[in-house]
2 protein chains.
Amino acid sequence: MRQSELLVPTLREAPAEADAAGHRLLLRSGMIRQLAAGIYSYLPLGRRVLLNVERIVREEMDRAGCQEVLLPIMQPAELWEESGRYTQYGPELMRLKDRHTRQFALGPTHEEVVTALARDEVNSYRKLPFTLYQIGTKFRDERRPRFGLLRGREFIMKDAYSFAADWDELDRTYQAMNSAYCRILERCGLNYLRVEADAGTIGGQGETHEFMALADVGEDTIVTCKQCGYAANLEKAAFQSSLSAEHMEEKEEREAGEVSEVLRIATPDVRTIAELSSFLNKKPEHMIKTLLYLADGELVAALVRGDHELNEIALKQVLGAEELVLADEAALASHSQLAVGYLGPVGLGLRIIVDVDVAAMQQAITGANEAGMHLSGVRPGIDFALDRVERIRFAAEGDRCVACGEPLVFTKGIEVGHIFKLGTKYSDAMGAAFLDRNGRQCAPVMGCYGIGVSRLVAAIAEQHATETGIRWPASVAPYDVHLIPVSWKDEQQQKLVLELEQQLLDRGLRVLVDDRHERPGVKFKDAELIGLPVHIVVGRGAAEAKVELGSHQLALSGETSRIQLTAQEAITYVMEQIQHR
Amino acid sequence: MRQSELLVPTLREAPAEADAAGHRLLLRSGMIRQLAAGIYSYLPLGRRVLLNVERIVREEMDRAGCQEVLLPIMQPAELWEESGRYTQYGPELMRLKDRHTRQFALGPTHEEVVTALARDEVNSYRKLPFTLYQIGTKFRDERRPRFGLLRGREFIMKDAYSFAADWDELDRTYQAMNSAYCRILERCGLNYLRVEADAGTIGGQGETHEFMALADVGEDTIVTCKQCGYAANLEKAAFQSSLSAEHMEEKEEREAGEVSEVLRIATPDVRTIAELSSFLNKKPEHMIKTLLYLADGELVAALVRGDHELNEIALKQVLGAEELVLADEAALASHSQLAVGYLGPVGLGLRIIVDVDVAAMQQAITGANEAGMHLSGVRPGIDFALDRVERIRFAAEGDRCVACGEPLVFTKGIEVGHIFKLGTKYSDAMGAAFLDRNGRQCAPVMGCYGIGVSRLVAAIAEQHATETGIRWPASVAPYDVHLIPVSWKDEQQQKLVLELEQQLLDRGLRVLVDDRHERPGVKFKDAELIGLPVHIVVGRGAAEAKVELGSHQLALSGETSRIQLTAQEAITYVMEQIQHR
């Protein structure tokens, strides 16, 4: 391909919208452009990367025995009402009406469509198991689209759905998909972790794992144990609490009978834990955070230590609630006695769920349920009842692994894949059924498996971003080799470039020739931005068939970034580099 | 691929919705399923056909030097307002609001997005010419979706957009796209015609051609001349009128001075041409049809002969109107003197555009502008003025070719491709500009080029439909060879099938093995429905490595549909058949 004919609008500066290193470079290298918030156009180089990722995903899905389909983007609202998700999904579901005012959703996933298909077409165990997948455009009206392709509103996804006669059969498919996902991420050159996860919105009755590409801009927190290899996302992570030395001292004090009394402290205009901590010069771990929730309409209180974060999924499970939302102003207004900002468990008059670590405190600082006042010396179990003690917080750094007791480590990740054991949630709700070997009617046991294809592009860009460009792995790079004549007008250089191009094409490689009449500095800068695995620079040495070669490999080795070679040596080098593509 | 693992829900009967032969077979062979009116799911076999067509389109676009991109489906309404199409496109444009109530359109085409891209990124003649293309999902809220994939509301299209510095450069791209389109349709095994067309809604300032797959269910009428090869769609077709023998007689009568007088005839409850024709026992060609239009708000009348159809595009051009609509009841109500059903040119009191063939009539029957009354013996040019005589009707069968005078022939076609010279319509409207060689600001000259990818699948199905199944051309068939053991339980048969499968796979072929425990009749019927190019049936002859072979080729030759061969001969035969894939 001649670069002069290719639309690659490189930029010296990234647009102001760019908020992550990979995103900035995708824009600067002319691979993508934003059309609206969270909605992007893929220009020719970006499209090539995306097609390469799609190809890898397709090959691995086919190898895992999945069947490719293509399901509609526009889905009748009635289907979503059958599964109960039409209201449940909330404002993230894009909705529209057709000319007959019939309601449709733009698919963010396809559980409903695929379950309806199975309901209509699959009625016997002899047709099970099978897995359908598709690669296509999805829509999700994110409240805060950001990081370019990482969290968009229109994006490319591979979604797959498996149907099995029983849980064992599902488990085999789940394992096969797990392996396929690992291969995909490895082939994409990603540094990733597979973590235990929580079923979240899609719902499900079995285990679920996420595949996380490690990156500082990742929006997910991963909890790992370096000792035993345990890895889970924050929502799901199990942990043992490690009581601090100070708590241990307090405990000893109490045992020695030296217990302080409850004191009222005037704390005007001090509402948050951070404000209180700085006002009293005490650490948040000595305080109790009192949070009010509406659980299926009932106002309840939840207590966690000041330095901990409440896990709403855990609280919801503890309460057995269908719906759990943080109480808003309207809900609080109906309880006029509540002093917002000064809440505490003493004399609150609501059902209270207490986190294990709060119950273990000897004494604590809490709100006094009176504007401008806090209490110190509050003793859990003495000054307020411990009717319901549960684990309702997230792990925190310093907590320990439940398996081996080592300290847990937190890292940031981008969720690029997610596999779920759905069970019969959708088949039950939508009445999909088949006759088993004994003629009994059964609900197929489903799994679902998603990979963010455009998000993979973003994650690769993020992990392979450098100061000057993205070093694309050979497997997904838009071309294999960048041929850069120092001067395209120089006849000897042009001749050698065209010879090299032909030889590389003959070997099945994809070659980009910078045939533009630009200064060498401009060409080199653009080549760095575009980031193909190998650069061959043809300059003055052309007369003796000498070239300079640069590659990701050389750059990573930290040695001189380019080496001098004959044209033939360069071709040999390229073939060695590329063969693992 | 093992058929037992593939989701191919074949049907003995087509669903009631199916309204064309190809559509019925696509449903019966389990390739597609309807989700909502005009919205289809592609099941595994259908997806494979679609992917094959996509591959052919992509290869030919790349060969023509186009660059693949991927542009968003969701497009901000503001862009469509810039081009003026947001209102102009009407109810066929699917519209929605995001969570911030911002308006979006679901792209039916991408002129706006691509012109905005060029406006932002292309500012010099050195970056021209270039052509961008994409293959993706499009939306159009058809009033009457039908014939399955032929006229859907969600469909797959390849759209391309070229940008050139001048009209000559555009012309070269246009010719290259023209050739690419011919190759695509040939490779898809389609019988097609390239016809002159009218620019229609997309608008444009230059020539435009349509590619029509010939089929009885086609919604377009193609006008051709067998003598000289002229071909155009009905809207665009040029013609010479052939006056009938009766008209000639009348003309002679008039020349002889024997002219009849204008007579009033009572015609109670007779309003349409058909009713009048039967009431008076006169042919429609002796009558004048008077149609009222609102041209930019002005009520005007247009006259065509009773047996002719008015061409609104021609009338609009004649009037130089921005907007032309048939006058509705509301418009007519404001002219209370108009007797709807009994309109005529005599004493009408409106501007009148007269078709050439009406002007040539010696005498005619028309409405009397009075309820229940018609006039006979009305003489154009005498009883009403011929201020504006123009060609405002479509060609009719019997008309003659303007080039060679031979009678024109009408056939039906499916519009599968369309190429346009847009000119600067969009670049002007949206302010895209570049600096030419002399530093002058110019608008890029654009072309656009569409192929209905899912419609190609439908057109192929339509042309290759038989009583028992679709005979897919090898280029797009979901698999190359269908291996059908009469009994999968028979060890010798199974062994031979597996050997044949391996040998065919080794030769790079795609093989479907019917490993189901079904009766042979069921397998054969399904195999006919699926319609792979070659069937190899392994039955009792398996012990001597004998097989029976059937193929489209044999079926078309009309000889016996299957031949007996050794397994090795069968492989040789297959390789010969498939090599032109």
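- Going by what an unreviewed UniProt entry lists, chain A is known as Proline--tRNA ligase and is assigned to Paenibacillus silvae.
- Taken directly from UniProt, the Subcellular location (unreviewed entry) text for chain A runs: "Cytoplasm".
- According to the UniProt record, the Subunit (unreviewed entry) comment for chain A reads "Homodimer."

### As for the sheet that holds strand E4 (residues 74–76) of chain A
All names here are of chain A.
- Spatial ordering of the open sheet is given by E4-E6-E5, a layout of three strands whose pairing is antiparallel. Each of the sheet's edge strands pairs with one partner strand only, and the pair in question is E4 and strand E5 (94–97). The sheet shows a mean angle of 40° between the axes of neighbouring strands, direction not considered.
- Both E4 and strand E6 (residues 103–106) contribute to a ladder of three bridges, which runs antiparallel. Counted as the bridge partner of Pro76 is Phe104 from E6.

### Regarding helix H8 (residues 273–280) of chain B
All names here are of chain B.
- Taken together, the buried positions of H8 are occupied by Ile273, Leu276 and Ser277. Taken end-on, H8 shows its buried residues confined to a sector of 100°, consistent with a single buried face. Exposed side chains of H8 directed beyond 90 degrees from the buried face belong to Ala274 and Ser278.
- If you follow the buried residues of H8, they end up packed against strand E14 (288–295), strand E18 (364–367) and strand E19 (373–378).
- Count one or two residues on from H8 and you reach Asn281, which has phi positive near 55°.

### Points about the relation of the copies chain B and chain A
- Superposition record for chain B on chain A: RMSD 0.2 Å, screw rotation 180°, translation along axis 0.0 Å. Taken together, these values place the two copies in the relation of a two-fold axis. No C-alpha of chain B lies nearer the rotation axis than that of B:Leu96, which sits 2.6 Å from it.

### Here we look at the domain arrangement of chain A
- What the domain assignment lists for chain A is domain 1 (19–214 + 421–462), domain 2 (249–390) and domain 3 (481–578).
- Inter-centroid distance (C-alpha atoms) of domain 2 of chain A to domain 3 of chain A is 66 Å.

### Structural notes on the sheet that holds strand E13 (residues 263–266) of chain A
Residues and elements named next belong to chain A.
- If you walk across this open sheet you meet the three strands as E13-E19-E18, and the pairing is antiparallel. The strands lining the two open edges of the sheet, one partner per strand, are E13 and strand E18 (364–367). On average, each strand axis in the sheet is tilted by 30° relative to the strand beside it, whichever way the strands run.
- Two elements, E18 and strand E19 (residues 373–378), share three bridges in a ladder whose sense is antiparallel. Note on E19: the bridge partner recorded for Gly367 is His374.

### A word on the packing of aromatic side chains
All names here are of chain A.
- Counted under the stated rule, the structure contains 10 aromatic pairs over all chains.
- Ring geometry for Phe130 and Phe163: centres 5.2 Å apart, planes at 25°, overall stacked. Taken together, the residues span a long stretch of sequence, with Phe130 in strand E7 (residues 130–139) and Phe163 in strand E8 (residues 154–164) at a distance of 33 residues.
- A residue is classified by how much of its surface remains accessible, and Phe130, at 6% relative accessible area, is buried.
- Given a relative accessible area of 1%, Phe163 falls into the buried group.
- Seen in terms of ring centroids, Tyr192 and Phe211 are 6.5 Å apart; in terms of plane orientation they differ by 40°. Their pairing is tilted. Here Tyr192, found in strand E9 (residues 192–196), pairs with Phe211, found in strand E10 (residues 208–214); they are 19 residues apart in sequence, far enough to count as distant.

### Digging into the environment of A:Pro72
- Relative to the helices and strands, A:Pro72 is located in the loop between strand E3 (67–68) and E4.
- Along the backbone, A:Pro72 and A:Val476 are 404 residues apart, and their C-alpha atoms lie at a distance of 28 Å.
- Here A:Pro72 is in contact with A:His110, A:Val113, B:Leu35, B:Ile39, B:Tyr40, B:Ser41 and B:Glu154, once residues within four sequence places are set aside.

### What about the pairing of strand E24 (residues 445–452) of chain A?
Residue and element names in this part refer to chain A.
- For E24, the tally of buried residues reaches eight of eight residues, placing the bulk of the element in the interior.
- One ladder, built from eight bridges, connects E8 with E24; its direction is antiparallel. The partner of Asp159 across the bridge, within E24, is Gly450.
- Judged from the six bridges that link them, strand E21 (residues 409–423) and E24 form a sheet pairing that is antiparallel. Counted as the bridge partner of Lys421 is Gly447 from E24.

### Topic: the packing of helix H14 (residues 491–506) of chain B against helix H17 (residues 567–578) of chain B
Residues and elements named next belong to chain B.
- Running from amino to carboxyl end, H14 crosses H17 at an angle of 35°, the nearest separation of the two axes being 11 Å. For the element pair H14 and H17, the recorded crossing hand is right-handed. On the side of H14, the interface is formed by Leu496, Leu500, Gln503 and Leu504, while H17 contributes Ala567, Gln568, Ile571 and Val574.
- Here the contact of H14 with H17 is composed, by residue class, of six nonpolar, two polar and no charged.

### Details of unusual backbone geometry
Residue and element names in this part refer to chain A.
- Following Leu128, the chain continues to Pro129 via a peptide bond in cis, the omega torsion being -10°.
- Within the chain, Asn369 stands out as a residue other than glycine whose phi angle is a positive 60°.
- With respect to the helices and strands, the residue Asn369 is situated in the loop between E18 and E19.
- A residue is classified by how much of its surface remains accessible, and Asn369, at 19% relative accessible area, is buried.

### A few points about the packing of helix H1 (residues 21–28) of chain A against helix H13 (residues 453–463) of chain A
Residues and elements named next belong to chain A.
- It is the contact of H1 with H13, at a shortest axis distance of 7 Å, that shows an interaxial angle of 100°. When the axis of H1 is compared with that of H13, the two are roughly perpendicular. Contact residues: H1 offers Ala21, Gly22, His23 and Leu26, while H13 offers Ala458, Ala461 and Glu462.
- Looking at the contact of H1 with H13, its residues break down into four nonpolar, two polar and one charged.

### As for the interface of chain B and chain A
- On the side of chain A, 56 residues touch chain B, which itself brings 56 residues to the contact.
- Between chain B and chain A, a total of about 4,700 Å² is buried, with carbon and sulfur atoms accounting for 62% of that surface.
- As a salt-bridge pair, A:Arg33 and B:Glu121 come within 2.6 Å of each other at their nearest N and O atoms.
- Our enumeration of links across chain B and chain A arrives at 18 residue pairs in polar contact (both at pLDDT 80 or more).
- It is helix H2 (residues 44–63) of chain B that provides the largest number of residues to the side of chain B that touches chain A, a total of five residues.
- Residue composition of the side of chain B that touches chain A, by class: 33 nonpolar, six polar and 17 charged.

### Examining a nonpolar patch on the surface
- A surface patch of nonpolar side chains, amounting to about 180 Å² of accessible area, comprises B:Val356, B:Leu386 and B:Val389.
- Along the chain, the position of B:Val389 falls in strand E20 (residues 389–390).

### Regarding the side chain of A:Thr137
- Its location among the elements puts A:Thr137 in strand E7.
- You can call A:Thr137 buried: its relative accessible area is 16%.
- The residues touching A:Thr137, leaving out its near neighbours within four places in the chain, are A:Ile73, A:Glu154, A:Phe155, A:Ile156 and B:Ile73.

### Describing the side chain of B:Asn369
- There is a polar contact of 2.9 Å between the side chain of B:Asn369 and the backbone oxygen of B:Val346.
- Once you skip the residues sitting within four places of it in the chain, B:Asn369 turns out to touch B:Ala339, B:Tyr342, B:Leu343, B:Gly344, B:Val346, B:Gly347 and B:Leu348.

### Observations concerning the pattern of salt bridges
Residue and element names in this part refer to chain B.
- As enumerated under the stated definition, the model contains 82 salt bridges over all chains in all.
- Of the charged contacts in the structure, one is a salt bridge between Arg391 and Asp357, with a shortest N-O distance of 2.7 Å. Of this pair, Arg391 sits in the loop between E20 and strand E21 (409–423) while Asp357 is found in helix H11 (residues 356–359), placing the two residues 34 residues apart along the sequence.
- Arg391 gets classed as partly exposed once you look at its relative accessible area, which sits at 27%.

### So, the environment of A:Glu121
- Looking at the element boundaries, A:Glu121 is found in helix H5 (residues 111–121).
- Spatially, the C-alpha atoms of A:Glu121 and A:Gly417 are 28 Å apart, while their sequence positions differ by 296 residues.
- Setting aside anything within four residues of it in sequence, one finds A:Glu121 in contact with A:Lys127, B:Pro9 and B:Arg33.
- Looking at A:Glu121, its side chain comes within polar contact range of the side chain of B:Arg33, at 2.6 Å.

Rules behind the numbers
Residues numbered from 1 in each chain as written. Chains lettered and ligands numbered in written order. Predicted model: local features only at pLDDT ≥ 70, side-chain atom pairs only at ≥ 80, totals over all residues. Heavy atoms only, no water. UniProt positions renumbered as here; feature names shortened; annotations may be inferred. Pairing = 2+ DSSP bridges. Helix = DSSP H or I, 4+ residues; strand = E, 2+ residues; numbered from the N terminus. Axes fitted to C-alpha atoms, helices over the stretch in contact; angles between N-to-C directions. Buried < 20%, exposed > 50% of the residue type's maximum accessible area, 1.4 Å probe, protein only. Arc of directions from axis to C-beta. Contact = heavy atoms within 4.5 Å. Least-squares fit on C-alpha atoms with pLDDT ≥ 70 in both. Domains from an automatic or database assignment. Phe/Tyr/Trp six-rings, centres within 6.5 Å; stacked < 30°, edge-to-face > 60°. Left-handed = near helix turned anticlockwise from the far one by under 90°. Nonpolar A, V, L, I, M, F, W, Y, C, P; charged D, E, K, R; others polar. Parallel < 35°, antiparallel > 145°, perpendicular 65-115°, else oblique. Buried area = accessible area lost by both parts, 1.4 Å probe. Salt bridge = Lys/Arg side-chain N within 4 Å of Asp/Glu carboxyl O. Polar contact = N/O pair within 3.5 Å; in protein donor to acceptor, adjacent residues only side chain to side chain. Patch = residues over 30% accessible without salt bridge, like charges linked within 9 Å, V, L, I, M, F, W, Y side chains within 5 Å. Areas by Shrake-Rupley, 256 points an atom, 1.4 Å probe, with all protein chains shown as cover.

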